[in-house]
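Commentary on secondary and tertiary structure
One letter stands for each residue in the lines below.
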Amino acid sequence: MPASPTVPATAGAPQASSASPGAACFHCGLPNPPGRRHEASVGGAMRAFCCAGCLAVAQTIHAAGLEGFYAARTAALAPPAEGADDEWTRHDEAARAAGLVREGPEGRCEAALLLEGLTCGACVWLIESWLARQPGVESARVNFATRRARVVWRADATRLADVLRAVAAVGYRAHPYDPAKREALAGRERRALLLRMAVALLMMMQVMMLAVPTYVSDDGVAPEHQALLDWASFTLTLPALFYSALPFFRGAWRDLATRRLGMDVPVALGLAAAFAASAWSTLGAGGPVYYDSVTMFIALLLVARYVELAARHRAAEAIEGVARARPAVAERLPAWPARGDPQAVAAASLVAGEHVLVRPGATVPADGVVADGRSHVEEAVLTGESWPQAKAPGDAVLAGAVNRDGALVVRVTAAGEATRLAAVLRLVDQAATDRPRVARVADRVAAWFVAALLAVAAGTALAWWQVDPSRVLAVTFALLVVSCPCALSLATPAALAAAAGALSRRQVVLARADALEALAKVTHVVLDKTGTLTLGRVRVQSVAPFADLDEARVLAIAAALEHRSEHPIGAALDAAAPTARPHATDLRTVAGQGIEGAIDGVRYRIGRPAFVGELAGVLPPAAHAFVAGAGEAATIVVLGSAQRTLAAIALGDTPRVDAAEAVAALRACGVVPILMSGDRAEAARAAGSALGIEDARGDLSPEAKRDAIRALQARGAVVAMVGDGVNDAPGLAQAQVSVSLGSATPLAQWAADVVILSDALVRVAESIGHARRTLRVVRQNLAWASAYNAVAIPSAALGLVTPLVAAIGMSASSLVVVGNALRVAHVRGGATPARDAATVPRAHEARVI
C-alpha cells in the first residue's frame, strides 16, 4: 500500500494511539469496512478512514486551514442537550470544510443544495418564494428535474445553516450538494415510491375483486354479505390510505400550513372525504362506499408519479454526469523525478507544478501536461469524444479524463476550481438551477388552477345538495379526482427536463434559463470564422521582413508581444519563434485589432495593417505585394515599430471537418447562416464561398459585429451568434442567443447562453431543431391538459363521471403528458462528425484576428 500522507491533528480531535481494525472513520464516524482501509497520521497517531473520499476531505480541511473543524465536529457528535437543534450547523461546517460553499465578492456566498420532498412545480415555487423572504438571501433558484437549488446569500446577514433550517420549516429537507449524496437520495426516493406503489396496487386489486359482485349482480348482494365485503374493503383500504397515500396528505398539510394551494390539496381532500363517507357507511350509517375508487385513485396516481420520477431521473443523470467525473483523490509524487512512493491527497489540494501519478483506469485529477509515460486517454465527459486519444510527453490532459492503458506522470497546471472541468461544472450547476420563463408561467397557472378547482368543487357540492343530496359526495369526489392538476403541473417541467437531459448527452449545456425557448425562435445564426468555422490550429506559412531583420528576429519580437494572448494566432507565433526572445512590457490588447507593447524602450504593434499603420505609418509597397501574393484565404498580420513597418506574416488555418455539414443543417432548419469575420473581406468571402454561406462579411471590428447583429434584429430577426474569443464578446452579448464552443476562451463561455462542450459545430443546428421540438411538445402537453380538463370537469360536475372512471381518466392524462414529454428525450439526427481533419481540402486555409 502506498505511503499515506501526514495530516496534522486538529484541536479537539479525539486522540488515539492507533487506528484499530474495528475503529470508526475519523472523518464521518461510520464503521470502517473490513479489509483494506485508508489510514493517515493525525497528530502523531494513525487514524483510519472508511474510504478515500473521507481521507481526501480530511486533507482538504487541513489544506484550507480549517483546523477547528474537527473540534466543532467532535462536540457536535456528542448527544445534544434536550431541545437543541444543531443538525443544520453540522451541515454548514462540513460544507464549508469540504469547499461546497463558494465565497464571492462583497461578502456574498453561494452553495448548491440537494432537496428532498419535491412533488411538483408548486413545490419549486414555494421554496423559491420562501427563501427569497429570508433575511440575507439574495436569490434562490430550484430545478425540479435535478432536485437542486442554487442559493446566494450575504455572509454578514445569514448562514448556510439558517438557509437549511428555513427549507425544513416549510416541510422539505436540504443538504449541501454532493453527487454521491444525490445518487443515494435518488435511490432511496425510487425505492420508497416503488414500495408505496406496490402496496397500493396490491390493495387495489384485492378491493376491486371484492367490488366485482356489486358491479355484476343483477339482483344486488344480500345485506349481510355486503356488510362483510364492505368491512373487508375497509380493512384493505387502510394500508393504501395511511401508507401509500401518506405523501399526499403530508404535502397537502405543508401547502395549507404555508397558505398556498398545491396539487396535493385536492388529492388529499378527495381521498379523505371519500374514505370518511365510506367508513361512516360501513360503521352502520348505510349508503354507498367508494373503497374501490379510493384505492384505484391512489394506485394509479402513484403509477403516474413513478413514471414521471423515472423520466426525471433519466434527465438528471445526463445533467449530473459531469459532476460524477470530478476526481476526489490524487496520487502525488513529491520527490519527482526521483523515485518514491506516491501519496494519496485530495485532488483539490494540488498546486501547479506538482506531479501526480495516473494509473491505468484512473481519472486524471487536474489539468496538466504529460511529463512521463504514454497512454490513451478518454475525454468523453468534456468533449463527447469517446474514442481514446493518444497522449505522450508534452501533451495536455484535462481533469476528469480517464486513463485507459499505460501509467502517466502528469505535471499539474491547474487544479480544483481552476480546471476546465470545474468551469464546466459551474455552467452545469447554473443550468441545473435556472428555470425558463415558460416553466415559471406554467407554475403560476397551475397554482391558480388549483384554487379555481376547489371553488368549482365547492359550488358543485352546493348545487347537488339542492338537486340530489345522495350524490353530493360521489359527484364532488369524482370532480376532485378527474381534475387533479397532475397533467397541468407536469406538462412543462417533464418536457424541459427530458430536453435538457437529451442535449446534455450530446455535450450541449444550456447555461441560461431561457436559452431553450430563445433557440426555438432563432432565424439567423452569425458565425465567427476564427476557431468556429476553423479548427484554430493556426500555422505560420511565410514571413516577409521589410527592414534589416531576419525571420527569426521578426518571430521573436512577435511572440514576445503575443505571449499573454489566448488567441490562436498568438499560439502559432509562439510555436514558430525561437526559444530566445526579448521581454515585452506595457502590453495593451485592442480587441479585434492587435497588441501594442514596448521592448527595450521601443514601442511595437502587431495585428491588422490599419492598426499597425497608426504607429508605423503607411505600409511599404513590398507589404502590399506580400498581401496580394498570399492568397485570398490567408490571414495577414503586420509587425511595426514607431519608426516603420518591420514585417508581414501570413498564417493559415484548417476548416472544421463538419463546418459545411453544419451550414447545410442550419439551412435545412430554415435558419440563415451569416459569416462575420475580423479578417480581410477577401478571406471571409473565400471561406464563405467554400462552405456555402452567401452572406460573408470581413474587416469587422467587435463593435461592427455588434452593430450588424443589431441591424438584423431591427428587421425582426432572432439572432444566435457562435463565437470563441474576446473579440466576439460584444456580439455574443447583443445576440438573443449566444453560443460558445468548448475550446473557446473563458470570457466567451461565460458570456454564452449555450456551451457546446464537444466543439462539434453541427450541434448548433441540432440544438435549434431540438428546442423547436421541445416547445412543440410543451404546447401539445398544455393543450392536452387544458382540453382534458375542459371536457372532464363539466362532465364530472354534471354527474356523468363516476369516481372509478375519474381515477382512470386522471392517471391516463398524466401518463399521456409524461409519455409525450419522453419524445424529446433523444436528439434526432446529428451523427458525430468524422475525426480526421486531414482529409479536408486545405485550399481555403484561413485565420481571423
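A short tour of the structure in this document, coming up. (Residues numbered from 1 in each chain as written. Predicted model: local features only at pLDDT ≥ 70, side-chain atom pairs only at ≥ 80, totals over all residues. Heavy atoms only, no water.)

The secondary structure content of the protein chain amounts to 28 helices and 30 strands. Relative to its full complement of 849 residues, the protein chain shows a buried share of 54%. As presented, the protein chain carries roughly 34900 Å² of accessible surface, and 60% of it is formed by carbon and sulfur atoms. (Helix = DSSP H or I, 4+ residues; strand = E, 2+ residues; numbered from the N terminus. Buried < 20%, exposed > 50% of the residue type's maximum accessible area, 1.4 Å probe, protein only. Areas by Shrake-Rupley, 256 points an atom, 1.4 Å probe, with all protein chains shown as cover.)

By the alternation rule, side chains of strand β11 (residues 355-358) split into His355 and Leu357 and Val356 and Val358, which are all buried. As paired strands, strand β9 (residues 329-332) and β11 are joined by two bridges and run antiparallel to one another. Bridge assignment links Arg332 to a residue of β11, and that residue is Val356. Note that β11 and strand β17 (residues 408-414) share four bridges and pair antiparallel. Paired with His355 across the strands is Arg411, a residue of β17. (Pairing = 2+ DSSP bridges.)

Look at helix α27 (residues 763-797) against helix α28 (residues 803-821): their axes get within 9 Å of each other, and the N-to-C directions meet at 170°. Taken together, the axes of α27 and α28 lie roughly antiparallel to each other. Here Val777, Gln780, Asn781, Trp784 and Tyr788 of α27 lie close against α28, whose contacting residues are Gly809, Met810, Ser813, Val816, Val817, Asn820 and Ala821. Here the contact of α27 with α28 is composed, by residue class, of seven nonpolar, five polar and no charged. (Axes fitted to C-alpha atoms, helices over the stretch in contact; angles between N-to-C directions. Parallel < 35°, antiparallel > 145°, perpendicular 65-115°, else oblique. Contact = heavy atoms within 4.5 Å. Nonpolar A, V, L, I, M, F, W, Y, C, P; charged D, E, K, R; others polar.)

Another aspect to go through is helix α18 (residues 551-562). The terminal C-alpha atoms of α18, which comprises 12 residues, lie 16 Å apart, in line with the 16 Å expected from a rise of 1.5 Å per residue. Counting buried positions along α18 yields nine of 12 residues, so the element is predominantly enclosed. Taken together, the buried positions of α18 are Val554, Leu555, Ala556, Ile557, Ala558, Ala559, Ala560, Leu561 and Glu562. (Expected span 1.5 Å × (residues − 1).)

This part covers the sheet that holds strand β21 (residues 585-590). Pairing is antiparallel across the open sheet formed by six strands, whose spatial order is β20-β25-β24-β23-β22-β21. Two strands close off the open sheet at either side, each with one partner strand: β20 (539-545) and β21. Within this sheet the neighbouring strands show an average axis-to-axis angle of 15°, counted without direction. Of the pairings in the sheet, the one linking strand β23 (residues 602-607) to strand β24 (residues 635-641) comprises four bridges and is antiparallel in character. Its bridge partner lying in β24, Gly607 is registered against Val638. Contacts from helix α20 (residues 609-616) reach β21, β22 (594-599), β23, β24 and β25 (645-652) within the one sheet, and its direction differs from that of β23 by about 165°.

Another aspect to go through is the environment of Trp784. Relative to the assigned elements, Trp784 resides in helix α27. As for Trp784 and Ser813, which are separated by 29 residues in sequence, their C-alpha atoms are 8.1 Å apart. If sequence neighbours within four positions are ignored, Trp784 has contacts with Ser813, Val816 and Val817.

Right, let's get into the environment of Pro266. Note that Pro266 resides in helix α9 (residues 264-285). Given a relative accessible area of 1%, Pro266 falls into the buried group.

Turning to the pairing of β25, a few remarks are in order. Buried residues dominate β25, accounting for eight of its eight residues. The pairing of β20 with β25 spans six bridges and is classified as antiparallel. Bridged to Val540 within β25 is Leu651. The antiparallel pairing of β24 with β25 creates a hairpin that spans three residues between the two strands.

Below, the discussion takes up the packing of aromatic side chains. According to the stated counting rule, one finds seven aromatic pairs in the structure shown. Measuring from ring centre to ring centre gives 5.6 Å for Trp231 and Phe234, while their planes differ by 80°; the resulting arrangement is edge-to-face. Residue Trp231 and its partner Phe234 are both found in helix α7 (residues 223-244); the two are separated by three residues, about one turn of the helix. A residue is classified by how much of its surface remains accessible, and Phe234, at 18% relative accessible area, is buried. Relative to Phe275, the ring of Phe242 has its centre 6.2 Å away and its plane inclined at 90°; by these criteria the two rings are edge-to-face. Of this pair, Phe242 sits in helix α7 while Phe275 is found in helix α9, placing the two residues 33 residues apart along the sequence. An aromatic cluster is present here, built from Trp231, Phe234, Phe242, Phe275 and Tyr291 joined pairwise through their rings. Between Arg196 and the ring centre of Tyr243, over which it is positioned, the NZ or CZ distance is 4.7 Å. Taking NZ or CZ as reference, Arg605 lies 4.3 Å from the ring centre of Phe611, over its face. (Phe/Tyr/Trp six-rings, centres within 6.5 Å; stacked < 30°, edge-to-face > 60°. Lys NZ or Arg CZ within 6 Å of the ring centre and 35° of its normal.)

Here six strands make up an open sheet; going across it, the order is β10-β9-β11-β17-β12-β15 and the pairing antiparallel. Looking at the sheet topology across the chains shown, the edges are occupied by β10 (343-346) and β15 (396-397).

Attention now moves to the environment of Thr158. Here Thr158 is to be found in the loop between β7 (148-154) and α5 (160-169). Those residues in contact with Thr158 that sit more than four places away from it in its chain are Pro135, Gly136 and Trp153. A distance of 3.3 Å separates polar atoms of two side chains, one belonging to Thr158 and the other to Asp162. (Polar contact = N/O pair within 3.5 Å; in protein donor to acceptor, adjacent residues only side chain to side chain.)

Further remarks concern the packing of α18 against helix α19 (residues 568-576). Across the interface, α18 lies against α19 with an axial gap of 8 Å and an inter-helix angle of 140°. Taken as axis vectors, α18 and α19 run oblique relative to one another. Considering how the two elements wind past one another, α18 and α19 form a crossing that is left-handed. Along its contact with α18, which presents Leu555, Ala558, Ala559 and Glu562, the element α19 presents Ile569, Gly570, Leu573, Asp574 and Ala576. Its residues assigned to classes, the contact of α18 with α19 shows six nonpolar, one polar and two charged. (Left-handed = near helix turned anticlockwise from the far one by under 90°.)

Counting across every chain of the model gives 22 salt bridges. Across the salt bridge formed by Glu138 and Arg108, the nearest N and O atoms sit 2.5 Å from each other. Residue Glu138 is located in strand β6 (residues 137-143), and its partner Arg108 is located in strand β5 (residues 108-116); the two are separated by 30 residues in the primary sequence. For Arg608, the salt bridge goes to Asp699, with nearest N and O atoms at 3.5 Å. Linking Arg608 in the loop between β23 and α20 with Asp699 in the loop between β27 (695-697) and α24 (702-714), this pair joins segments that are 91 residues apart in sequence. In this structure Arg608 comes out as buried when scored by relative accessible area, which is 13%. (Salt bridge = Lys/Arg side-chain N within 4 Å of Asp/Glu carboxyl O.)

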